[in-house]
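# Coordinate analysis (summary)
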Amino acid sequence: MALPWSSRKSVQKTKPEKSVSRTEISIPMHFLCPISLELMKDPVTASTGITYDRQSIETWLELGNTTCPVTNREMENEELIPNHSIRKVIQDWCVANRSLGVERIPTPKIPVTGSQVADMMSEISEATRRGDRARCEQLVVKVKNLASESERNRRCFASNGTNGVLAATFNAFAGGSSESPAVEILEEALEALATLLPLGEEAASRIGSPESLNRLVSILQHGSLAARLNAALVVKELLASNGAGADVIAGTKGLVEALAKLVEEPISPQAAKASLVSIFYMINRDERTASRVVDLGLMPVLIEVLVGPEKSMCEKALAVLDVLLGCGSGREKAYGHALTMPVLAKKMFRVSDMATELVVSALWKLCRDDEEGGEGRGRCLQEALQVGAFQKLLLLLQVGCGEATKERATNLLKLLNGCRGREECVDTMDFKGLRKPF
């Protein structure tokens, strides 16, 4: 089936002069990709003999198509051969038309192949077995650089068992002291793993070993900024893939403390978010870990995070806060913070549907405990009314929400209704006059 493209394509270039002049540049038909109808930057030839731009034909194949877009014939294989001849002619044409504003296309880098990846993994495994740190580091840096060149390269490495080999190398050198030369290979392997996430079952098993976990804690505490970020990302993925093993990982000495410090003293938003997600996985299954996190002073830090406007950070902070309110010490800390109720009321409709559900859950845990004579000692329900929680819960039921959230909101309204008339509502939009303990 023929595609509808013209034999030549005209491009208008406008020069920023006092009197604007326009020049039409005619691009030869065989310079255009049959799919995108744009000038080819990385021409490759398919098994049917038709030349396409690499990005366009790879996208076509990734969508599950097995036929040639131009001829509609079945492609014998997905191998794409670089067409150096047409690429050089295109580059010469660009140079010849430079005066008209055409930029020369750069010479593309040839993507890595599965066989090349297999050879590199074999070399890394052999160097690891010999304990050759220098050779391992050289090869790991090569893997990292190639994987960073393009998404295609990254997928090629990820689909050929690279993470398992890198995790094995990390585990093999993780037993040395923090001052040993092995630190450099460990940080390089960690960066490569962070580039190729998710980990996969084999890699998660090796990174989850006691030696590797202890080394990750050391890097989180004392590594470079980049290494600490990569360690936080790897720990997050490890906990996400480990499920029921999160409580075992949480038992690693110093891990919870290191992650909490990255939230309290963030080195980057990405590191703080990864640490919050990791903490959530650890405390969601183990109340003892949740109590430890409360004792580390994370509750006021979470409330401070909620004052900020960043949606993703607020959602993650609310998820952790909601779990911490499930333990008595967490509720006690929340009751003692002047901004707890105002911030929760403000965030009920200002972030996302997920945040709304988490806010209602948090309010329910605080107010229910207060009604039962908990640590709030009668303050929580009155504060909720003062910041307008009653009106917002009514509005939530009107606009609609999930069944679990609806049930909590209804029960909250029943609790709050008993206190109405005794408290004056205040505007949660203005935090002036509220004491900030941080």
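Structure: see above.
It should be emphasised that the depicted structure is a prediction, and the values quoted were computed from it without experimental measurement.

Calculation rules
- Residues numbered from 1 in each chain as written.
- Predicted model: local features only at pLDDT ≥ 70, side-chain atom pairs only at ≥ 80, totals over all residues.
- Heavy atoms only, no water.
- Helix = DSSP H or I, 4+ residues; strand = E, 2+ residues; numbered from the N terminus.
- Buried < 20%, exposed > 50% of the residue type's maximum accessible area, 1.4 Å probe, protein only.
- Contact = heavy atoms within 4.5 Å.
- Areas by Shrake-Rupley, 256 points an atom, 1.4 Å probe, with all protein chains shown as cover.
- Pairing = 2+ DSSP bridges.
- Salt bridge = Lys/Arg side-chain N within 4 Å of Asp/Glu carboxyl O.
- Expected span 1.5 Å × (residues − 1).
- Core = buried A, V, L, I, M, F, W, Y, C linked by side-chain atoms within 4.5 Å.
- Phe/Tyr/Trp six-rings, centres within 6.5 Å; stacked < 30°, edge-to-face > 60°.
- Axes fitted to C-alpha atoms, helices over the stretch in contact; angles between N-to-C directions.
- Parallel < 35°, antiparallel > 145°, perpendicular 65-115°, else oblique.
- Left-handed = near helix turned anticlockwise from the far one by under 90°.
- Nonpolar A, V, L, I, M, F, W, Y, C, P; charged D, E, K, R; others polar.
- Arc of directions from axis to C-beta.

Attention now goes to the overall build of the protein. When helices and strands are counted, the protein shows 22 helices and five strands. The proportion of buried residues among the 438 residues of the protein is 47%. Looking at the protein alone, contacts between residues at least 24 apart form 65% of all its contacts between residues at least 6 apart. As displayed, the protein has an accessible area near 21,900 Å², and 49% of this comes from carbon and sulfur atoms.

This paragraph deals with unusual backbone geometry. The peptide bond linking Leu197 to Pro198 adopts the cis configuration, its omega dihedral lying at 5°. As for its placement among the helices and strands, Pro198 is situated in the loop between helix H7 (182-195) and helix H8 (201-207). Of note in this structure, Leu37 is not a glycine but carries a positive phi near 60°. For Asn72, which is not glycine, the phi dihedral falls at a positive 65°. When its relative accessible area of 48% is taken as the criterion, Asn72 is described as partly exposed.

The strand order E4-E3-E5 describes an open sheet built from three strands, whose pairing is antiparallel. The two strands at the open ends of the sheet, each matched to only one other strand, are strand E4 (51-53) and strand E5 (81-82).

In a structure, side chains of opposite charge can pair up when their charged atoms sit close to one another. The final tally for this structure, using the stated rule, is 19 salt bridges. Measuring nitrogen to oxygen at the nearest pair gives 3.3 Å for the salt bridge that ties Arg130 to Asp132. The class of Arg130 is partly exposed, set by a relative accessible area of 48%. Given the relative accessible area of 28%, Asp132 is considered partly exposed. Between Glu202 and Arg206 there is a salt bridge, and its shortest N-O distance comes to 3.8 Å.

The next point concerns helix H4 (residues 133-149). Helix length check: H4 (17 residues) gives 24 Å between terminal C-alpha atoms against 24 Å at 1.5 Å per residue, within 8%. Those residues of H4 not exposed but buried are Cys136, Leu139, Val140, Val143, Lys144, Leu146 and Ala147. Buried residues along H4 sit in contact with helix H3 (114-130), helix H5 (151-158), helix H6 (162-173) and H7.

Moving on to the nonpolar core. Counting 117 residues, the largest nonpolar core has Phe157, Leu220, Ile279 and Leu324 as its most contacted members. Discounting residues that sit within four places of it in the chain, Ile279 has contacts with Leu259, Ala260, Val263, Val293, Leu298 and Val320.

Throughout the structure, instances matching the rule amount to two aromatic pairs. For the pair Phe31 and Trp93, a centre-to-centre distance of 5.8 Å together with 75° between the ring planes defines the contact as edge-to-face. Within this pair, whereas Phe31 is found in the loop between strand E2 (22-28) and strand E3 (43-45), its partner Trp93 is found in helix H2 (residues 84-96), the two being separated by 62 residues in sequence. Across this residue pair, the class does not change: Phe31 and Trp93 are buried.

The subject of this paragraph is the environment of Leu358. In this structure, Leu358 sits in helix H19 (residues 353-371). Residue Leu358 is classed as buried on the basis of its relative accessible area, which comes to 14%. It is 6.2 Å that separates the C-alpha atoms of Leu358 and Leu318, two residues lying 40 residues apart in sequence. Once you skip the residues sitting within four places of it in the chain, Leu358 turns out to touch Glu315, Leu318, Ala319 and Asp322.

What follows is about the packing of helix H15 (residues 298-307) against helix H18 (residues 340-347). Helix-helix packing is characterised by the crossing angle of the two axes and by the distance between the axes. Here H15 crosses H18 at 40°, and the two axes come no closer than 10 Å. By the angle class used here, H15 and H18 are oblique. Two packed elements cross with a definite hand, and for H15 against H18 that hand is left-handed. Between H15, through Ile303, Leu306 and Val307, and H18, the contact on the second element is made entirely by Thr340, Val343 and Lys347. Of the residues assigned to the contact of H15 with H18, the class counts are four nonpolar, one polar and one charged.

With 15 residues, helix H22 (residues 403-417) extends 21 Å from end C-alpha to end C-alpha; this agrees with the ideal 21 Å at 1.5 Å per step. Those residues of H22 that fall on the buried side of the exposure criterion are Thr405, Ala409, Leu412, Leu413, Leu415 and Leu416. Along the axis of H22, the buried residues cluster in a sector spanning 160°; they form a single face. When the buried face of H22 is taken as reference, the exposed residues oriented beyond 90 degrees from it are Glu403, Glu407 and Lys414.

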